[in-house]
Every structure is written in C-alpha cells, then in structure tokens.
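One letter stands for each residue in the lines below.
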2 protein chains.
Amino acid sequence: MLIRTSCRQESFADSIFSVRSPEVLTSEFRARSLKVTPQRQLLFRLLHGHTGHPTAEALYAEASAQMPGISLRTVYQTLNDLVSMGELSSLQFAGSSTRFDPNVDDHHHARCDECGELRDVYVDHFDSLLVSGFAGFTPERASIVFGGVCADCG
Amino acid sequence: MLIRTSCRQESFADSIFSVRSPEVLTSEFRARSLKVTPQRQLLFRLLHGHTGHPTAEALYAEASAQMPGISLRTVYQTLNDLVSMGELSSLQFAGSSTRFDPNVDDHHHARCDECGELRDVYVDHFDSLLVSGFAGFTPERASIVFGGVCADCG
DNA sequence: ACTGGTGATCGCATTCGATGCTAATTCGCA
DNA sequence: TGCGAATTAGCATCGAATGCGATCACCAGT
Ligand SMILES: [Mn+2]
Ligand SMILES: [Mn+2]
Ligand SMILES: [Zn+2]
Ligand SMILES: [Zn+2]
C-alpha cells in the first residue's frame, strides 16, 4: 500500500473541529420542540471542544463527575438525538462500542490496531480515485478507514 | 462528492472471487493441527463460490439445511478460525451483525443505506490520494466504504 | 483395524452494548 | 402559576457473540 502524505499536515493539526456551540444546539433543540434540560446542556458543553471520539460510556463518566445521578440512558438518548439531527456522527468498529464523533466535517479516520486509538485524517484528491463495480449503485458518501499502528504503540 | 467510475467496470463483474477451495482449506487446517470435521467441510463448501457477504446466522441457516443439528456455535468457531488464518475477512457495520467476506482480494465496499446490501468495488489510483493528519501513525491498510442507494432501492 | 489423546462439537450460561418501557418528574408555553 | 407534553432514570429486555465443559470424534501411531 502506498499512501501519499500531504505537506499540509501541520495546517490541519491547528484546526479544531467540534460539535456546534451549546447555544446553537439549544436553539436547534428548541426548534424541534425538544426540551433543553440540564442533562442535555451538560452534554452540549462536554461535546463542545471535544476533539476525540468518545464512547457513550466515556461521556457518561465525564457527565457523572459533574452531575451525579445522570443516567446512561439519558446520555444515549441525547447522543442519538444529536446524531439524527446531524450535529454529531457515529462510528462503529469491530470489537468495540460505538464512537461518537463531534467532528461532522468531511473527514476520514486512522485507527490503531493495537490500542484502538482513532484520529481524524483529511484526504485530498479523492476524486482521482477510479472505482469499478458500482453497476446501478448510486454513491453518496464515502468513508476511508486506515488501519495501522499509532505513535505510542509503534 | 465526486467519484470517477472506471470504464473497466464490466471486466471486474466477470471475475469471481471467493474463499479458497475446500481442498486447500483442508490442507491449511491439517497443517495447523486443526481437525477436518464434517461440519467444517460443509462450511468450506458453502463458502467456496459464495460471492456475497453472509452473516454467521445466514451461513448457519444454509448449513442447517444440509446438516440438521449443526450448532451456531460451531459455525462461529469455524468462521473465526478462517478469519484468523486470513482465509476469510470480516466486516462490521452499524446496526447489523458481522458480515463475513469470502473475498480476501484487495477490494472495498458499497453499502445501501436502505437495505444494507453490500457489494464489492475495486479502486484504482488509490495512491494518488493525499492524506494529512497521520503525524506518527503508520498506515498499513485502508478500507473504503461507499454509502448510497442500490439499484433495487433507488 | 484399533486405540489413545487431543481437539471439536454443541448446548447452555453469560457478557456487553444498546434499546424498550413507564411512573414520576420537569420543561416551556400561555 | 398551571397545564400538557416531553424527559428522565431505572429496570427489563434484546441480540450478537463468546465462555465453559461434558461428551464426541478425528487421526497419528501402532
Ligand atoms: Mn473523526
Ligand atoms: Mn467484499
Ligand atoms: Zn496505538
Ligand atoms: Zn438497497
């Protein structure tokens, strides 16, 4: 496998992509007659600025620290709402639970075979790919997952 | 999203990729001191020539038709063995159970959003992709999944 | 062919992530 | 402030997959 690494690597590292602000999410929820509860507000805050790919359990742990008694069920509920609103995306890999991605930008992922760490990667010249085998299939989206070894595990 | 469709589309459709022959798999199992039982032989046969992406349950159904009493546990066992031997690969998507892929050729997939149908696609010029964000990560593999609508659901 | 030993089979229990259900609560609008 | 509708939280349930272990059977060596 040959992969060309862009020289613009650094410029991307500077950018931080996350879920939209708690204020925006609040309006979005209200606009859909969804109530803005303290539990949801807390999750809005936790997700905003989050650059990783947390699981529901991880967010539940973070949330519990600030709001003891919040239920895992509610965390799932809210994350699912955000996903169906397109404010969050979800990723699934073999042998681990669903990861939620606060970065809804058009991007792809690199996943470490050892530790499962997931990082965002950006791909240029996607349209120079030549794909055969669609035969009637209408592609609308594409997602690339690179498998390999991360810096820590290497 | 812009995707270039290869004019060689048809030539690929002619090729049939599958798991290796029951005879080869038999030798492979013996070489590893794994016994070649009737249950395994049946699965070898079912997988050979299989061009789809069946679930363990689906293969269990097929197997049960020819060998009533075979257990789902044994089907999983054998499929997992084949995967760890590299004779079969496994794929996982959100909201559905693991799909086993008898095609271990280097290829990618297109998945219908409606019905979940999965088809093989082949990608050329992969090395013209420009990837940024690796930063220490050593990529070894890549897998592309196209999302969209299949001919039946369109 | 027989046999011993190691690996396989199969059914049942168990795990784990995720969702269904619902009484009690709370949000948000009037 | 009060009402109706949405939410919460806890527990039950689900589905896919694996752990376990008594019994079975492949197969190498005789
Ligand atoms: Mn991401
Ligand atoms: Mn395939
Ligand atoms: Zn790692
Ligand atoms: Zn379809």
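From a predicted model like this one, the values you see are computed outputs, not experimental measurements.

Sorry, what's going on with the protein's contact with DNA strand D here?
Taken together, 20 residues sit near DNA strand D, with A:T37, A:R40, A:T74, B:Y76 and B:T98 positioned nearest. Counted by atom, the contact set of DNA strand D within 4 Å of the protein is 67% sugar and phosphate. Here a base nitrogen of DNA strand D sits 2.9 Å away from a polar atom, N or O, in the side chain of A:K35. A distance of 3.0 Å separates a phosphate oxygen of DNA strand D from a polar side-chain atom of B:R30. Those elements giving two or more residues to the surface near DNA strand D turn out to be α3 (38-47) and α5 (72-84) of chain A together with α5 (72-84) of chain B. Of the residues that constitute the surface near DNA strand D, the class distribution is 5 nonpolar, 9 polar and 6 charged.

Help me understand the nonpolar core, please; the structure alone is not making it clear to me.
Across soluble globular proteins, you tend to see nonpolar side chains buried next to one another. Ranked by internal contacts, the top residues of the largest apolar core, which has 28 residues, are A:F126, A:F146, B:F126 and B:F146. The set of elements that each furnish at least two residues to this core consists of β4 (108-112), β5 (118-124) and β7 (138-149) of chain A together with β4 (108-112), β5 (118-124) and β7 (138-149) of chain B. Counting residues in each nonpolar core, the second largest holds 20 residues, with A:V19, A:F29, A:L46 and A:L82 among its members.

Got a minute to help me understand the coordination of the zinc ion (ligand 3) in this structure?
Six octahedral donors around a metal ideally subtend angles of 90 or 180 degrees, whereas four tetrahedral donors ideally subtend 109.5 degrees. All names here are of chain A. Surrounding the zinc ion (ligand 3) are the protein donor atoms C112 (SG), C115 (SG), C150 (SG) and C153 (SG), at 2.2 to 2.3 Å. Metal-centred angles of 106 to 114° between the 4 donor atoms at the zinc ion (ligand 3) mark the site as tetrahedral. In primary sequence terms, the donor set of the zinc ion (ligand 3) follows C-x2-C-x34-C-x2-C. Of this pair, C115 sits in the loop between β4 and β5 while C150 sits in the segment after β7; the two residues are 35 residues apart in sequence, bridging distant segments of the chain. Classification of C115 by relative accessible area gives partly exposed; the value is 46%.

How should the interface of chain A and chain B be read in this particular structure?
Interface extent is often summarised as the accessible area lost during association of the parts. Counting from both sides, the interface comprises 50 residues of chain A and, opposite them, 50 residues of chain B. Together, the buried faces of chain A and chain B total about 4,700 Å²; carbon and sulfur atoms form 57% of this surface. When the area that chain A buries against chain B is broken down by residue, the three leading residues are A:L130, A:S132 and A:F137, summing to 15%. Where chain A touches chain B, the interface holds 2 salt bridges.

Calculation criteria
- Residues numbered from 1 in each chain as written.
- Chains lettered and ligands numbered in written order.
- Predicted model: local features only at pLDDT ≥ 70, side-chain atom pairs only at ≥ 80, totals over all residues.
- Heavy atoms only, no water.
- Near = heavy atom within 4 Å.
- Polar contact = N/O pair within 3.5 Å; in protein donor to acceptor, adjacent residues only side chain to side chain.
- Helix = DSSP H or I, 4+ residues; strand = E, 2+ residues; numbered from the N terminus.
- Nonpolar A, V, L, I, M, F, W, Y, C, P; charged D, E, K, R; others polar.
- Core = buried A, V, L, I, M, F, W, Y, C linked by side-chain atoms within 4.5 Å.
- Buried < 20%, exposed > 50% of the residue type's maximum accessible area, 1.4 Å probe, protein only.
- Donors = N, O, S within 2.8 Å, 3.2 Å for Na, K, Ca; no water.
- Tetrahedral: all angles 85-135°; square planar, octahedral: opposite > 155°, others 65-115°.
- Contact = heavy atoms within 4.5 Å.
- Buried area = accessible area lost by both parts, 1.4 Å probe.
- Salt bridge = Lys/Arg side-chain N within 4 Å of Asp/Glu carboxyl O.

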